[in-house]
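Given next are the chains, with one letter for each unit.
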Amino acid sequence: MASTRTTILSMGLLLLSIQGALTIRGQASLPIRLSVMNDLSNMTPETHFTYVVEGGVLLGALRRIQEMQPDFNFTLTEDPNYGLFLESVNGVAGSDTDQTYWEILSESSGEYTRLDVGIGCYTPTENEHIILRFSTWAK
Ligand code: B12
């Protein structure tokens, strides 16, 4: 039953992404696609279709997916200067010891751009493809 509901909701969001912005409860809603990739542990990439309200931040989209998809979850920490840091996705957390973190990218025509702000500040655009990629960083 829950999986049927999830499938119907996903189909709806897929249609939304094909058709463009819709108005949901009086607010313009911009469809976006979110992929999760973790090459470091050979995880199968997953893709979710969701939306942000016009001018809304990426965090809203992540929360929406978490509410609708039982297999997607994330945690945050708060930095005093830069706001919200995406700590873990689907139970996999970045680590200072291993020098890993969840990098946030935007993909367009096969080109990947690293976002210049975090999930609490970034405002996705209509049909944007956001990627959360488990990555390493160098000291
Ligand atoms: C090193 C670094 C990182 C490292 C931190 C690793 C570590 N444990 O040291 C890593 C690679 C993890 C990182 C990641 C990101 N970073 Co960075 N990072 C820096 C950098 C170059 C230095 C920070 C530092 O060491 N300061 C010195 C220490 C002593 O101070 P600190 O306060 O303890 O530093 C901490 C914070 O800076 C925090 N941090 C680092 N980046 C970010 C980003 C966000 C959004 C948050 C909330 C916290 C945060 O991690 C540091 C260690 O704990 C700064 C630029 C700069 N020169 O300051 C950018 C900077 C802070 N990062 C930035 C960004 C955008 C990101 C990413 C969102 C990039 C991306 N698209 O993936 C990601 C965060 C993704 C996520 N999961 O939420 C921006 C933030 C701008 C903003 N207004 O939000 C900065 C200012 C670079 C820029 N664009 O000019 N980053």
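Before reading further, recall that the structure is shown in the block above.
Residues numbered from 1 in each chain as written. Predicted model: local features only at pLDDT ≥ 70, side-chain atom pairs only at ≥ 80, totals over all residues. Heavy atoms only, no water.

K.L.:
An account of the overall build of the protein is needed here, citing residue identities and associated values.
P.N.:
Along its length, the protein carries two helices and nine strands. Looking at the protein residue by residue over its 139 residues, the buried ones come to 37%. Summarising the internal contacts of the protein: among those between residues at least 6 apart in sequence, 55% fall at separations of at least 24. Accessible surface, the protein: about 8,300 Å² in total, of which carbon and sulfur atoms supply 51%. (Helix = DSSP H or I, 4+ residues; strand = E, 2+ residues; numbered from the N terminus. Buried < 20%, exposed > 50% of the residue type's maximum accessible area, 1.4 Å probe, protein only. Contact = heavy atoms within 4.5 Å. Areas by Shrake-Rupley, 256 points an atom, 1.4 Å probe, with all protein chains shown as cover.)

K.L.:
Account for the pairing of strand S4 (residues 74-79), naming residues and giving values.
P.N.:
Here six bridges tie S4 to strand S5 (residues 83-89), and the two strands are oriented antiparallel to one another. Along S5, the bridge assignment pairs Thr 77 with Phe 85. Turn length for the S4-S5 hairpin, with the two strands adjacent in sequence and antiparallel, is three residues. (Pairing = 2+ DSSP bridges.)

K.L.:
Give a detailed account of the sheet that holds S5, specifying residues and quantitative values.
P.N.:
Either a parallel or an antiparallel arrangement is found when strands of a sheet pair, and the pairing is made through backbone hydrogen bonds. Here three strands make up an open sheet; going across it, the order is S4-S5-S6 and the pairing antiparallel. Where the open sheet ends on each side, the last strands, each with one partner, are S4 and strand S6 (92-93). By the bridge criterion, two bridges tie S5 to S6 in an arrangement that is antiparallel. Bridge pairing in S6 places Ser 88 opposite Ala 93.

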